[in-house]
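Topology and contacts: notes
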Amino acid sequence: MSPLRFTESFKALFSLAGQLSANENADAVLLLVDGPTDWTRLKNLAETHGLVNAQLPSVPPRFIVAVPKKEDLREVQAAGLVGVCTRFQNLPVYDRVTQALLEAIADDLLSPDSRVVAIYSGFDAENVDSLSVIDLSDRLNRLTGRDLRELENVVPLNVLRTVVDLAVEIGREGREGKAVGTMFVVGDTRRVLNHSRPVSFDPVRGYSRQERNLADPKVREAIKEIAQLDGAIIVAPDGTVEATCRFIDAPADNITLSKGLGARHWAAAAISRVTRGIAVTVSQSNGTVRIFKNGEVILRIEPHQRRALVWREFERERPASESSA
């Protein structure tokens, strides 16, 4: 974990971010920091470039610091800066930026249509060296902080994001050249297991919790292999894969879904209706990822888009009298 160094190149990049923020009419500048630093000095630098208003602290923040640990976040806030915690430091930089933006929306620091200038270590982990202008309206449409907070009440956003990213990879890449359809159910694990039963032998059975946690890239790769098997993958709120190859056995009464969706999607809707779990499906036909909550599709992600989390309107129909599978 490298502390932020106030080198001349960093100060020049920071100054450029301030100018770019003004030129692009950005709502905020987001800085990803990998470790502890001199937060007071950082605040002074932000004030110099007009990103922090010391006289009007109640003004919505134009400068947000993203840090990997809660202890760092407390120090950021003690210095009078606004921050968010990204939690998973070992994620790729794209995912950490996205996670920081989602956390900022959930905390009402940003709106879903904000424009943000992000500063981060894109090439050299030891130095902050990259700038990006991000239009959230291109990624998030009609997604609000309240929506995210409701999801986080059930599943931590970092865990849900890990599962969704894994589902997107499965939908986009398939496995060994073949399309793969699968389903994850995250959260409310005990009730989800009660509404499911084994389809066949469970490949994760007998492994320790650490050996089944999706924070480990090796576990995520293993789950891509397991995703080819029949049945749902059950994930606990801490990211541990509790069981795989599970047949979802939940009633689909009074559920409406988009035309053309198959048994996997009805099962996802049903399990998310009878439990507090969040279901994530990957369509075998086209790789589309759908996220279900309370029996409804709340997010749809197209596999060819690296820009995830795009809301869509859905044409609805009543389900046929078929059981979930």
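Check the entry above for the structure.
Description of the structure in this document. (Residues numbered from 1 in each chain as written. Predicted model: local features only at pLDDT ≥ 70, side-chain atom pairs only at ≥ 80, totals over all residues. Heavy atoms only, no water.)

What to know about unusual backbone geometry
At Asn-25, a position not held by glycine, the phi torsion is positive, near 55°. Among the structural elements, Asn-25 can be located in the loop between helix H1 (8–23) and strand S1 (28–32). Positive phi outside glycine occurs at Asp-188, with the angle close to 50°. Judged by relative accessible area, Asp-188 falls into the partly exposed class, the value being 21%. (Helix = DSSP H or I, 4+ residues; strand = E, 2+ residues; numbered from the N terminus. Buried < 20%, exposed > 50% of the residue type's maximum accessible area, 1.4 Å probe, protein only.)

Focus: the nonpolar core
The biggest cluster of nonpolar side chains holds 30 residues, and the ones touching the most others in it are Phe-184, Leu-214, Ile-223 and Val-280. Mapped onto this core, the elements with two or more residues apiece are helix H6 (157–173), strand S6 (182–186), helix H8 (217–226), strand S8 (232–235), strand S11 (278–282), strand S12 (289–293) and strand S13 (296–301). Counting residues per element, this core draws most heavily on H6, which supplies 8 residues. Beyond its immediate chain neighbours, meaning those up to four positions away, Phe-184 contacts Val-163, Leu-166, Ala-167, Ile-170, Ile-223, Ile-233, Val-235, Ile-278, Ala-279 and Val-280. Counting 27 residues, the second-largest nonpolar core is a separate cluster that includes Val-29, Leu-51, Val-76 and Leu-81. (Core = buried A, V, L, I, M, F, W, Y, C linked by side-chain atoms within 4.5 Å. Contact = heavy atoms within 4.5 Å.)

Considering the packing of aromatic side chains
By the definition in use, this model includes 3 aromatic pairs. For the ring pair Phe-6 and Phe-10, a centre distance of 5.8 Å and an interplane angle of 85° mean the geometry is edge-to-face. Across this residue pair, the class does not change: Phe-6 and Phe-10 are buried. Measuring from centroid to centroid gives 5.8 Å for Phe-10 and Phe-14, while their planes differ by 55°, and the two rings are tilted. Of this pair, Phe-10 and Phe-14 are both found in helix H1, 4 residues apart, which corresponds to roughly one turn of the helix. (Phe/Tyr/Trp six-rings, centres within 6.5 Å; stacked < 30°, edge-to-face > 60°.)

Concerning the sheet that holds S11
One open sheet accounts for 7 strands, arranged S7-S9-S8-S6-S11-S12-S13; its pairing is mixed. What marks the edges here is a single partner per strand, and that holds for strand S7 (196–198) and S13. Neighbouring strand axes in the sheet, compared pairwise and without regard to direction, differ in orientation by 35° on average. Of the pairings in the sheet, the one linking S6 to S11 comprises 5 bridges and is antiparallel in character. Residue Thr-182 lies in a different strand from S11, and its bridge partner there is Val-282. Contacting S6, S8, S11, S12 and S13, H6 runs over the sheet at an angle of about 15° to S11. (Pairing = 2+ DSSP bridges. Axes fitted to C-alpha atoms, helices over the stretch in contact; angles between N-to-C directions.)

Points about the sheet that holds S1
What the 5 strands build is an open sheet, ordered S3-S2-S1-S4-S5; its pairing is mixed. Strands with a single pairing partner mark the edges of an open sheet, and in this sheet they are strand S3 (82–85) and strand S5 (130–135). Neighbour-to-neighbour, the strand axes of this sheet turn through a mean angle of 25°, independent of strand direction. Relative to the sheet, helix H2 (residues 39–48) contacts S1 and strand S2 (63–67), its axis offset from that of S2 by approximately 150°.

Examining the pairing of S13
Relative to S13, S12 runs antiparallel, the two being bridged by 5 bridges. Each bridged residue has a counterpart across the sheet, and for Phe-292 the counterpart in S13 is Val-297. A loop of 2 residues connects S12 with S13, the two strands running antiparallel in sequence, and Asn-294 in this loop sits at a positive phi of about 55°.

Side note on the packing of H1 against H2
Relative orientation and spacing of two packed helices are given, respectively, by the angle between their axes and the distance between those axes. H2 packs onto H1 with a crossing angle of 40° between their chain directions and a minimal axis gap of 10 Å. The angle between the axes of H1 and H2 places the two elements in the oblique class. Like other packed secondary-structure pairs, H1 and H2 cross with a definite hand, here right-handed. Taking contact as the criterion, the partners of Phe-10, Lys-11 and Phe-14 in H1 are, on H2, Arg-41, Leu-42, Leu-45 and Ala-46. Along the lines of polarity and charge, the residues of the contact of H1 with H2 split into 5 nonpolar, no polar and 2 charged. (Parallel < 35°, antiparallel > 145°, perpendicular 65-115°, else oblique. Left-handed = near helix turned anticlockwise from the far one by under 90°. Nonpolar A, V, L, I, M, F, W, Y, C, P; charged D, E, K, R; others polar.)

A look at the packing of H6 against H8
Contact geometry of H6 with H8 gives a least axis separation of 11 Å together with a crossing angle of 50°. Considering their axes alone, H6 and H8 lie oblique with respect to each other. The element H6 and its partner H8 pack so that their crossing is right-handed. Counting all contacts with H6, which are made through Thr-162, Leu-166, Glu-169, Ile-170 and Glu-173, the residues of H8 involved are Arg-220, Ile-223 and Lys-224. Its residues assigned to classes, the contact of H6 with H8 shows 3 nonpolar, 1 polar and 4 charged.

Overview of the environment of Asn-127
Here Asn-127 is to be found in the loop between strand S4 (115–120) and S5. The class of Asn-127 is partly exposed, set by a relative accessible area of 24%. The spatial distance from the C-alpha of Asn-127 to the C-alpha of Asp-34 is 9.8 Å, given a sequence separation of 93 residues. Ignoring anything within four residues of it in the chain, the contact list for Asn-127 reads Arg-5 and Ser-121.

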